[in-house]
Amino acid sequence: MLPNLNKRKVLIADDSKLVTSTITSILKQSGMDDISYAHKPEEIIRLCEQTQFDLILCDYNFQASLNGFQILEELQYSKLLPAHTTFVFLSGEDNPKIINSIQDSDADDYFIKPLNFKIFRNRILSAMERRAALLPIYKHLQSLNFSSATEACDALLPLYPEYSIVIKQYRALALVSSKQFVAAQEEYQGLLDDYGFDWVKIALANTLIKSNQLEKAQQVLNSVNDQVENPYYHDEMSKIAVEKDDFTTAINHLKQSIALVDSGAERELVITNLSLANESYDDAVTYIRRYEEKNAHTFRDEIYTKLNFTRCYLYRALNNPLSNCFESLLSGLNPIISDIHSHPQFKTHALLLSAHISLIRGDLKSATSGIKQALKTNELTHFYDLYHLCVLLERCSLLEEMESVLPLAHSAISDLQHPSIRRSQMHMLKKLKERLLEAQLRVDSIRKQLSEKKSNATLGMTSHFDHYFKLHDLFPHSEKICLAIVKLASLRPFAYHGEYRIFNKLNECDQVVTTAYSREELSTMSYAAMYQSAKDNIRLNS
């Protein structure tokens, strides 16, 4: 029995006065008199800023901007939940989606209303006793001291055999967090052999995935009982699919998981990231919007979320350019963009947004200028900022600059964020690197073929142009390639009988050159006469 119950500080957070009255009666009969009350989410946070509670009883279904899971996240993020605090959820619904969400939160316990006096009292006291007994473990886990957490588990296991499952679970978690995967697998395997719980199977599979043992992880997941209705099964299946570069399957599993659980926000962000890697821009927009809506009024509701929200719409517009639709979209995004522009610390981010918009509108000169300015500032340090810069460098055919930024983007991937988010960012970067390498290999191949054709004789001109046009296909915004094509065509009359629409290509090159160079530069190189000669020199074979 816990001593000094009358000195324990309790917070009852529920928007029903009948519920708070009932719980108060139960607690007072158990010896707890120091009770505070909150009827709105913001009151919970305010009271926790003022007092360190020993017990918090929190309704999950507040009819307000935040649900119980988000309230718990806010308290944890703001470091307002000491390791000794027992946190218990209450819910008026037994909806499986809500139950999954409560279990996802790692609260000490939860109850479905109406409450049974005796069961409620006994389980509350048991949860508080367990929290007090295992406090050294909770303290070390909260401070991310995983080696000390493992040692605390070893020390407490013989003293509290009644908590052996919980202690072994936390020991395995600490081992995984310190990347001791073999020891963690052994711990989970022991739990699995003794109890056979599905949650142990999923935790073991997760550990196997982290150590790249995908086939073993798949075998373990195959033994999960209710696969279809288990969100955590889908989470792990998604991770396996990601490691196999099967992003479509990974995204589908995450969508099923989201349908089964109300909590968390990482799944929506992971889908967004994987969709960007997979160049599935409609999905990226859909799920960044859901992520933004789900996190409204939380600690994630800040300018970076709005920035990434805007970027996803611009990524889609860049790959599906419809001028009328884009201008309409832009008018809706302008309040967010204006807000970003108003923050001095986001000056470089705003510069990239403006460059992105210019690129969508076809203003290559303004886009390239803005991107190069952003590149020079060296002020972009966040992963999503550097990813945005890489995408724009790629689209402007600035591959050398893109190659120099990619390592910075890799270094910006934080180990402190949710593992699934980190993994999705790694794959976003992997796809960028693959596209860069593919482009570089194709360029090398075309240049080699060009170097073998040193003659500009008429008979070789078609082949010569087709090689340049292949380069242009790769880098349609490269001013150097476009100018080289115009110059080549202006040299002498020639017959073209290749696979390209040469006049269309020449027109595209002209648009790039005339936007990339100033009037003075164009005049110096007598560009207008050069372009006219290029058009006049072309003879199409019938």
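Whatever comes next refers back to the structure up there.
Predicted model, so just to flag it, every value in this text is computed and none were measured. (Residues numbered from 1 in each chain as written. Predicted model: local features only at pLDDT ≥ 70, side-chain atom pairs only at ≥ 80, totals over all residues. Heavy atoms only, no water.)

Draft legend 1. The overall build of the protein, seen in detail. Tallying secondary structure elements over the protein gives 27 helices and seven strands in all. By the compact-globule yardstick of 24 Å for 542 residues, the protein is too spread out, its C-alpha radius of gyration being 30 Å. Referenced to the eigenvectors of the C-alpha coordinate spread, the extents of the protein come out at roughly 100 × 50 × 35 Å. The buried share of the protein, taken over its 542 residues, is 51%. The long-range fraction of contacts in the protein, counting pairs at least 24 apart against all pairs at least 6 apart in sequence, stands at 63%. Total accessible area on the protein stands at roughly 25700 Å², and carbon and sulfur atoms take up 49% of it. Each charge class in the protein was averaged separately, 59 positive and 67 negative side chains, and the resulting centres sit 4 Å apart. (Helix = DSSP H or I, 4+ residues; strand = E, 2+ residues; numbered from the N terminus. Rg over C-alpha atoms; globule rule 2.2 N^0.38 Å. Buried < 20%, exposed > 50% of the residue type's maximum accessible area, 1.4 Å probe, protein only. Contact = heavy atoms within 4.5 Å. Areas by Shrake-Rupley, 256 points an atom, 1.4 Å probe, with all protein chains shown as cover. Lys, Arg positive; Asp, Glu negative; His and termini not counted. Charge placed at Lys NZ, Arg CZ, Asp CG, Glu CD.)

Draft legend 2. The arrangement of the side chain of Thr-305 in detail. Tracing the chain through its elements places Thr-305 in helix α16 (residues 303-319). Given the relative accessible area of 7%, Thr-305 is considered buried.

Draft legend 3. How the structure looks around helix α12 (residues 231-243). With 13 residues, α12 should reach 18 Å at 1.5 Å per residue; the first-to-last C-alpha distance of 19 Å fits that figure. Among the 13 residues that make up α12, twelve are buried, leaving the element largely enclosed by the rest of the structure. By the burial criterion, the buried members of α12 are Pro-231, Tyr-232, Tyr-233, His-234, Asp-235, Glu-236, Met-237, Ser-238, Lys-239, Ile-240, Ala-241 and Val-242. The distance from a side-chain oxygen at the start of α12 to the backbone nitrogen of Tyr-232 is 2.9 Å, and the residue carrying that oxygen is Asn-230. (Expected span 1.5 Å × (residues − 1). Polar contact = N/O pair within 3.5 Å; in protein donor to acceptor, adjacent residues only side chain to side chain.)

Draft legend 4. Inspection of a nonpolar patch on the surface at higher detail. A cluster of nonpolar side chains, Tyr-195, Phe-197 and Trp-199, forms an exposed patch at the surface whose accessible area comes to about 270 Å². Residue position: Tyr-195 is located in helix α9 (residues 181-195). (Patch = residues over 30% accessible without salt bridge, like charges linked within 9 Å, V, L, I, M, F, W, Y side chains within 5 Å. Salt bridge = Lys/Arg side-chain N within 4 Å of Asp/Glu carboxyl O.)

Draft legend 5. Up close: the packing of α16 against helix α18 (residues 347-361). Close contact between α16 and α18 brings their axes to 10 Å; oriented N to C, the two are set at 15°. Judged by the angle between their axes, α16 and α18 are roughly parallel. In this structure, α16 meets α18 at a crossing whose hand is left-handed. Here Tyr-304, Leu-307, Thr-310, Arg-311, Leu-314, Tyr-315, Ala-317 and Leu-318 of α16 come into contact with α18, specifically with His-349, Leu-353, His-356, Ile-357, Leu-359 and Ile-360. For the contact of α16 with α18, the class distribution of residues is ten nonpolar, three polar and one charged. (Axes fitted to C-alpha atoms, helices over the stretch in contact; angles between N-to-C directions. Parallel < 35°, antiparallel > 145°, perpendicular 65-115°, else oblique. Left-handed = near helix turned anticlockwise from the far one by under 90°. Nonpolar A, V, L, I, M, F, W, Y, C, P; charged D, E, K, R; others polar.)

Draft legend 6. Fine view of the pairing of strand β5 (residues 109-112). Alternating positions in β5 separate cleanly, Asp-109 and Phe-111 being buried on one face and Tyr-110 and Ile-112 remaining unburied on the opposite face. Relative to β5, strand β4 (residues 86-91) is paired through four bridges, and the arrangement is parallel. Looking at the pairing, Ser-91 lines up with Ile-112 of β5. (Pairing = 2+ DSSP bridges.)

Draft legend 7. Focus on unusual backbone geometry. For the bond from Lys-113 to Pro-114, the omega torsion is 5°, close enough to zero to count as cis. In this structure, Asp-245 is a non-glycine residue whose phi angle is positive, near 60°. Relative to the helices and strands, Asp-245 resides in the loop between α12 and α13 (247-260). The backbone of His-297 shows a phi angle near 75°, a positive value even though the residue is not glycine.

Draft legend 8. Representation of the sheet that holds β4. Ordered in space as β2-β1-β3-β4-β5, the five strands form an open sheet in which the pairing is parallel. With partners counted over all chains shown, the strands left at the sheet margins are β2 (34-38) and β5, one partner each. Averaged over all neighbouring strand pairs, the angle between strand axes comes to 20°, with direction disregarded. Each of β3 (55-59) and β4 is contacted by helix α3 (residues 68-77), which is oriented at about 160° to β4, the strand it contacts most.

Draft legend 9. Inspection of the packing of aromatic side chains at higher detail. Per the stated rule, a full pass over the model turns up 18 aromatic pairs. Geometrically, the ring pair formed by Phe-465 and Phe-494 is stacked, given 4.8 Å between the ring centres and 15° between the ring planes. Highlighted residues: Phe-465 in helix α23 (residues 458-474) and Phe-494 in strand β6 (residues 494-496), separated in sequence by 29 residues. Phe-465 sits in the buried class, given a relative accessible area of 1%. One aromatic cluster in this structure is built from Phe-465, Phe-469, Phe-494, Tyr-496 and Tyr-500. Over the ring of Tyr-138 we find Arg-131, and its NZ or CZ is 3.7 Å from the ring centre. (Phe/Tyr/Trp six-rings, centres within 6.5 Å; stacked < 30°, edge-to-face > 60°. Lys NZ or Arg CZ within 6 Å of the ring centre and 35° of its normal.)

Draft legend 10. Just the pattern of salt bridges, in detail. For the structure shown, the criterion picks out 27 salt bridges. A salt bridge links Lys-294 to Glu-268, with the shortest nitrogen-to-oxygen separation between them at 3.1 Å. Here Glu-268 lies in helix α14 (residues 266-277) and Lys-294 lies in helix α15 (residues 281-294), a separation of 26 residues in the sequence. Several salt bridges converge on common partners, so that one network encompasses Asp-104, Asp-235, Glu-266 and Arg-267.

Draft legend 11. Here's a closer look at the state of the cysteines. Taken as a whole and assessed by the stated rule, the structure comprises zero disulfides. Left without a disulfide partner, Cys-48 is nearest to the cysteine sulfur of Cys-58, which lies 8.9 Å away. When its relative accessible area of 5% is taken as the criterion, Cys-48 is described as buried. (Disulfide = S-S within 2.5 Å.)

Draft legend 12. Seen up close, helix α20 (residues 383-395). End to end, α20 covers 18 Å across 13 residues, agreeing with the expected 18 Å (1.5 Å per residue, within 8%). Counted residue by residue, α20 has twelve buried out of 13 residues, so it is predominantly covered. Residues Phe-383, Tyr-384, Asp-385, Leu-386, Tyr-387, His-388, Leu-389, Cys-390, Val-391, Leu-392, Leu-393 and Glu-394 constitute the buried set of α20. Ser-397 occupies a position one or two residues after α20 and carries a positive phi of about 65°.

Draft legend 13. Region of the structure containing the environment of Ala-374. When you line up the elements, Ala-374 lands in helix α19 (residues 364-377). Considering only alpha carbons, one finds Ala-374 and Leu-351, 23 residues apart in sequence, at a separation of 6.6 Å. Leave out the neighbours within four places in its chain, and Ala-374 touches Thr-348, Leu-351 and Leu-352.

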